[in-house]
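Each chain is listed here by its residues.
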Amino acid sequence: MEILIRGVSRHYFSEGRTIKALDAVDLVIPANRIFTLLGPSGCGKTTLLRSIVGLESPDAGEISIGGQVVYSKAAGINVPPEKRGLGMVFQTYAIWPHMNVFDNVAYPLQVRGMPREEIRDRVGKTLRFVQLEGYERRPATRLSGGQQQRVALARALVAEPKVILFDEPLSNLDAKLREETRKELKAFLGELKITGVYVTHDRVEALALSDSIAVMRAGRIVEIGTPQKIYFNADTEFVADFIGRANLVKARVRAQDAGRTVVESGIGVIACERREAAIGAEMTLCIRPEFIRVEKGEAAGENVVNGRVETRVFVGETWESEVRAGGELLMVRLDPDAAIEVGDAVNFRLDPAHCLLVAA
Ligand code: ADP
Ligand code: MG
C-alpha cells in the first residue's frame, strides 16, 4: 500500500523553546518496497514514523494509507493505531520477558479474539518464516538478541499487515550480530510483498536494506533516491557527507566541457562528472576515499594530485591515512601491504566519474 504524507508538521515545546520535529513534510512512500528514512539523531524520523502509525498526532497535514485518509487535521480525521492495519518493530525488542515465544507472537491475534485453531496456524506459519520453528515454548528471556528481534518481527507480521514499520530495530545489537541480523532482515523483507518503512541513522543499514532512501535533516526531507543515487550522485553536501566517508573540497566552476565540469579547487584543477552549474559558481567537490588510489612518488597529468602522507593508522583491512595535498587534508586508504609511510611523497589520479560536485 502506498503511503501519502502531505504537509505534515509537528512541533514540540520544551524548556521554553519550540522544536520543529517535522516541518511541512511531503512524501510518497511507494507500495511493496523498502523505504528508509535516514538522518542524524533528532531529525524527526521517529516522530514521522509514529505519525504514520497513529501514536502521534501532527499539528497539520494529512496522511493516507492505501488511499484511505488515516489522519487529516483539516477534516478532523484520526484513525486509531489498531485500525490502521500496520505492524511495527521498535528499537527495544518490546517482547514480553514473562511469556514464551508462542504467546509473544500470538498476542496481537488473541486481543482480536481470533479462534485458537487459527491462531495456532498463523503463529506456526510466521515462526517458520522467521526461522524460529521449534522455539514455541522457549521463554523469551532464553533467546539471543538476534532471536528476540526475530520474535518481534514475527509479532509484527502475524496479523498480516499491509505495511510494516521499523524504528532502528538493530541498534541494540552488537556490531557482528547487527550485520547478521541485517542480512536476515534483508532476506525476510525480500520475500514479503509488503510496504516496509524503515527508520535508521545508520547509513550502512540504509544502503543495504532499502529500495529507496529519504534523507532527513531538521524535520525536513532533503533528498530521496535509490541507495546508489544517494551514495554516488547526491545533490547536496549534507547528503554526500552523511551517507559515507567523503573528502569535501571547496571548488569553483571554471569550464563546462562535453560530459565534464572542470573546477578550480583546493587540490588543483579537476575535471568532474558534469553538473549543471554556471561558470564561477561555488560548489563542493566530493571524493570518496575508496576511489583514491595512492601511488608512491610524484606525477603529472590531468586530474593528477600530488601530496604527502601525514598520518597512517592500521585498521585491519586497510591503512587509513591522511594525505596533505595543496591546502587540503584528504582521507585515503592504503593497501594493507603498501610500502607507503608517513612523510612519503605520493600521487593519485582522480577519475572524473568519481569526482562529484554537490551544492555547497
Ligand atoms: P529521531 O527519531 O530522528 O532521532 P525524533 O523524531 O525522536 O528524532 O525527535 C525529533 C525532535 O523532536 C528532537 O529534537 C526531539 O528532541 C524532539 N522531540 C521528540 N519527541 C518529543 C517530546 N515528546 N517532547 C519534546 N520534544 C520531543
Ligand atoms: Mg528515533
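All of these numbers come straight from a predicted model, not from anything done at the bench. (Residues numbered from 1 in each chain as written. Chains lettered and ligands numbered in written order. Predicted model: local features only at pLDDT ≥ 70, side-chain atom pairs only at ≥ 80, totals over all residues. Heavy atoms only, no water.)

A.B. asks: Describe the pairing of strand β2 (residues 17-29), listing the residues and the values that go with them.
C.D. replies: Each regular strand shows side chains that alternate between the opposite faces of the sheet. Where strand β1 (residues 3-14) meets β2, 9 bridges bridge the pair, whose relative direction is antiparallel. Across the sheet, Val8 pairs through a bridge with Val25, a residue of β2. Hairpin connection of β1 to β2: 2 residues between the antiparallel strands, including Glu15 at a positive phi of 50 degrees. (Pairing = 2+ DSSP bridges. Helix = DSSP H or I, 4+ residues; strand = E, 2+ residues; numbered from the N terminus.)

A.B. asks: Please provide a residue-by-residue account of the confidence of the model for the chain, values included.
C.D. replies: In this model, the chain carries a mean pLDDT of 93, and residues with pLDDT of at least 70 account for 99%. At the level of individual helices and strands, the chain shows its lowest average pLDDT in helix α5 (residues 175-191), which scores 84, and its highest in strand β10 (residues 212-217), which scores 98. (pLDDT = per-residue confidence, 0-100.)

A.B. asks: How would you sum up the sheet that holds strand β14 (residues 268-273)? Please name residues and give values.
C.D. replies: The antiparallel open sheet is built from 5 strands, whose spatial order is β14-β13-β12-β15-β21. The open sheet is flanked by β14 and β21 (356-359), the only strands paired with a single partner. Strand-to-strand twist across the sheet, computed as the mean angle between neighbouring axes with direction ignored, equals 45 degrees. The sheet contact formed by strand β12 (residues 247-257) and strand β13 (residues 260-265) spans 6 bridges and is antiparallel. Counted as the bridge partner of Ala255 is Val262 from β13. (Axes fitted to C-alpha atoms, helices over the stretch in contact; angles between N-to-C directions.)

A.B. asks: Tell me about unusual backbone geometry, and please be specific about residues and values.
C.D. replies: Although it is not a glycine, Ala24 sits at a positive phi angle of roughly 50 degrees. Following the sequence through the fold, Ala24 ends up in strand β2. When its relative accessible area of 36% is taken as the criterion, Ala24 is described as partly exposed. (Buried < 20%, exposed > 50% of the residue type's maximum accessible area, 1.4 Å probe, protein only.)

A.B. asks: Could you give an account of the site of ligand 1, with specific residues and numbers?
C.D. replies: The immediate surroundings of ligand 1 are formed by Tyr12, Ile19, Ala21, Pro40, Ser41, Gly42, Cys43, Gly44, Lys45, Thr46 and Thr47. Contact between ligand 1 and Lys45: an oxygen atom at 2.8 Å from a side-chain N or O atom of the residue. In the model, an oxygen atom of ligand 1 is placed 2.8 Å from a nitrogen or oxygen of the Thr46 side chain. Isolated, ligand 1 exposes 560 Å² of accessible area, and the fraction of that covered by the protein chains is 62%. Only β2 and α1 (45-53) provide two or more residues apiece to the shell around ligand 1. The element contributing the most residues to the shell around ligand 1 is α1, with 3 residues. Residues belonging to the shell around ligand 1 are distributed by class as follows: 5 nonpolar, 5 polar and 1 charged. (Near = heavy atom within 4 Å. Polar contact = N/O pair within 3.5 Å; in protein donor to acceptor, adjacent residues only side chain to side chain. Areas by Shrake-Rupley, 256 points an atom, 1.4 Å probe, with all protein chains shown as cover. Nonpolar A, V, L, I, M, F, W, Y, C, P; charged D, E, K, R; others polar.)

A.B. asks: Residue-level account of the packing of aromatic side chains, with values.
C.D. replies: Aromatic rings in a pair are described by how distant their centres are and how their planes are angled relative to each other. Taken as a whole and judged by the stated rule, the model has 7 aromatic pairs. Considering the side-chain rings of Phe314 and Trp319, the 5.3 Å spacing of their centres and the 55 degrees angle between planes classify their relative orientation as tilted. Since its relative accessible area comes to 17%, Trp319 is described here as buried. One residue, Arg155, lies across the ring of Trp96, its end atom 4.4 Å from the ring centre. A cation over a ring is seen here: Arg288 above Tyr231, with NZ or CZ 4.1 Å from the ring centre. (Phe/Tyr/Trp six-rings, centres within 6.5 Å; stacked < 30°, edge-to-face > 60°. Lys NZ or Arg CZ within 6 Å of the ring centre and 35° of its normal.)

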